[in-house]
Amino acid sequence: MTRRASTVPELSIVIPTFNERDNVSELIARLEQALGGIAWEAIFVDDDSPDQTAQVLRSLAQRDPRVRCMRRLRRRGLSSACIEGMLASSATYVAVMDADLQHDPALLLSMLTTLRRGQAELVIGSRYVTGGEVGDWQEQRLAISKLATRLAGLVTHQPIADPMSGYFMLRRERFEQLAPRLSSMGFKILLDIVATAKPPLKTLELPLVFGKRHAGESKLTTNVAWEFALLLADKLVGRWVPVRFLSFAFVGALGVAVHFFVLTALLKGLGVAFLAAQAIATGTAIVYNYTLNNVLTYVDRPRRGSRWFTGLLSFAAICSVGAIANVGVASFMFERASAWQVAALAGILVGAVWNFAVSNVYTWRR
Ligand code: GDD
Ligand code: MN
């Protein structure tokens, strides 16, 4: 045997990063301090941060083999980053923590001890047990967090005080069993794990005093409520309907409203002929649907910059095939004396099914 056992990590700490360049080196120093005597590694998962976090990590990794950095391109998503980081581990235990030092690294040791002793399968750093604290949050964020925690209770199968925590540890093998069934949407990876595990994981919550962010700013400002809704919907009805289709249909329903608004304005307001009005309304709805699907349905892989425009072109191309069917069906029905509203709806329906099926594969391919 040439390899020393001590170089094999017992614990992988997965740390998702997006624009955290000024936090990572401090975090590694604190891990070192907190985990003396333990064989650990840090797996950073960076979504190609514009501030070059990955480059900073590369140079840290060249001096310290316990530091690794996975760089993901053209993707965003806290949950999926954590999942892929954990899947890159071969250690006995995996932990997830934030890079900004709001999660006290000192807690890792008690988490590890708890798991080693078999007192739990999952340990959570919890803000909502005695001794835990949320830090200097404003009333409003606290109220929202508490409401979300109650809603989360709908899918957790067991009472958990802080299912939204981003700080936890479990056996890697247990995680690997669950991984294929995770939703991996949004940023509530712990909730995803807890809701997926059946029978429930034996869980213990250790008090966490949620600290102040060290440098940089929070990323979880936009889309948070929407991603949370998608995760809940997936856990509640995902078995029967893919939640992406629900989202596409939701956006489509709003698109129908836009369509009718434009159509009515053209028909009744400007006296445009039905066919022309229907065609213009369809075009408007295409741009509208593309924009909304890009930020809502495909929130995990939106097209940006020049890809936004090429995406619109491909979506429009797909939709124009859908639109030919749409206008064809609509005018067929209109000529046969259907009410114009009914004719328009039938056209939209035929187009929509085609649009979802094809754009899911081409416009927003993985
Ligand atoms: N790879 C990757 N991709 N990392 C991300 C992304 C992303 O799209 N978005 C955020 N992160 C990283 C951040 O760089 C940070 O290390 C960590 O995820 C948490 O992000 P913050 O922006 O600091 O989140 P927060 O402090 O507002 O929220 C924290 O507390 C919540 C509890 O209220 C997180 O721990 C949440 O998971 C937690 O629910
Ligand atoms: Mn934070």
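These numbers were taken from a predicted model, which means no experiment stands behind them.

Q: Can you walk me through the coordination of the manganese ion (ligand 2) in this structure?
A: Six octahedrally arranged donors around a metal ideally form angles of 90 or 180 degrees; four tetrahedrally arranged donors ideally form angles of 109.5 degrees. Protein ligation of the manganese ion (ligand 2) involves D100 (OD) and Q102 (OE1), the donor distances falling in the range 2.0 Å. Pair check on accessibility: D100 and Q102 agree, each one buried.

Q: When you look at the site of ligand 1 in this model, what are you seeing that I'm missing?
A: Neighbouring residues of ligand 1: 27 residues in total, closest E20, D98, M164, K188 and K219. Contact between ligand 1 and T17: a nitrogen atom at 3.2 Å from a main-chain N or O atom of the residue. At 2.6 Å, a backbone N or O of M164 approaches an oxygen atom of ligand 1. In isolation ligand 1 exposes 740 Å². Once the protein is present, 97% of that is buried. Those elements that provide at least two residues to the shell around ligand 1 are β1 (11–17) and α3 (78–87). Each residue belonging to the shell around ligand 1 can be placed in one class, and the counts come to eleven nonpolar, six polar and ten charged.

Q: Even after reading the chapter, I still don't get the nonpolar core, so can you show me in this structure?
A: The nonpolar side chains of a soluble globular protein tend to be buried, and buried together. In terms of nonpolar packing, the biggest core is built from 37 residues, with I13, I15, L31, L35, F44, L108 and M169 touching the most fellow members. If we skip the residues at most four places from it in the chain, F44 touches I15, T17, V24, L27, I28, L57, V67, R68, C69 and M70. By size, the runner-up hydrophobic cluster in this structure holds 24 residues, among which are V14, L178, I193 and V194.

Q: Would you explain the sheet that holds strand β5 (residues 122–126) in this entry?
A: Within a beta sheet, neighbouring strands are joined by backbone hydrogen bonds and run either parallel or antiparallel to one another. Strands sit in the order β3-β2-β1-β4-β6-β5-β7 across an open sheet of seven strands; the sheet is mixed. Single-partner strands in this sheet number two, and they are β3 (67–71) and β7 (203–207). With strand direction ignored, the average angle separating the axes of adjacent strands in the sheet is 20°. One ladder, built from three bridges, connects β5 with strand β6 (residues 168–171); its direction is antiparallel. Residue L122 lies in a different strand from β6, and its bridge partner there is L170. Sheet strands touched by helix α2 (residues 53–63): β1, β2 (40–46) and β3. Its angle to β3, the strand with the most contacts, is close to 150°. Sitting on the sheet, helix α7 (residues 189–196) touches β5 and β6, and the angle it makes with β6 is about 40°.

Rules of the game
- Residues numbered from 1 in each chain as written.
- Chains lettered and ligands numbered in written order.
- Predicted model: local features only at pLDDT ≥ 70, side-chain atom pairs only at ≥ 80, totals over all residues.
- Heavy atoms only, no water.
- Donors = N, O, S within 2.8 Å, 3.2 Å for Na, K, Ca; no water.
- Buried < 20%, exposed > 50% of the residue type's maximum accessible area, 1.4 Å probe, protein only.
- Near = heavy atom within 4 Å.
- Polar contact = N/O pair within 3.5 Å; in protein donor to acceptor, adjacent residues only side chain to side chain.
- Areas by Shrake-Rupley, 256 points an atom, 1.4 Å probe, with all protein chains shown as cover.
- Helix = DSSP H or I, 4+ residues; strand = E, 2+ residues; numbered from the N terminus.
- Nonpolar A, V, L, I, M, F, W, Y, C, P; charged D, E, K, R; others polar.
- Core = buried A, V, L, I, M, F, W, Y, C linked by side-chain atoms within 4.5 Å.
- Contact = heavy atoms within 4.5 Å.
- Pairing = 2+ DSSP bridges.
- Axes fitted to C-alpha atoms, helices over the stretch in contact; angles between N-to-C directions.

Any functional reading would require information that these geometric values do not contain.
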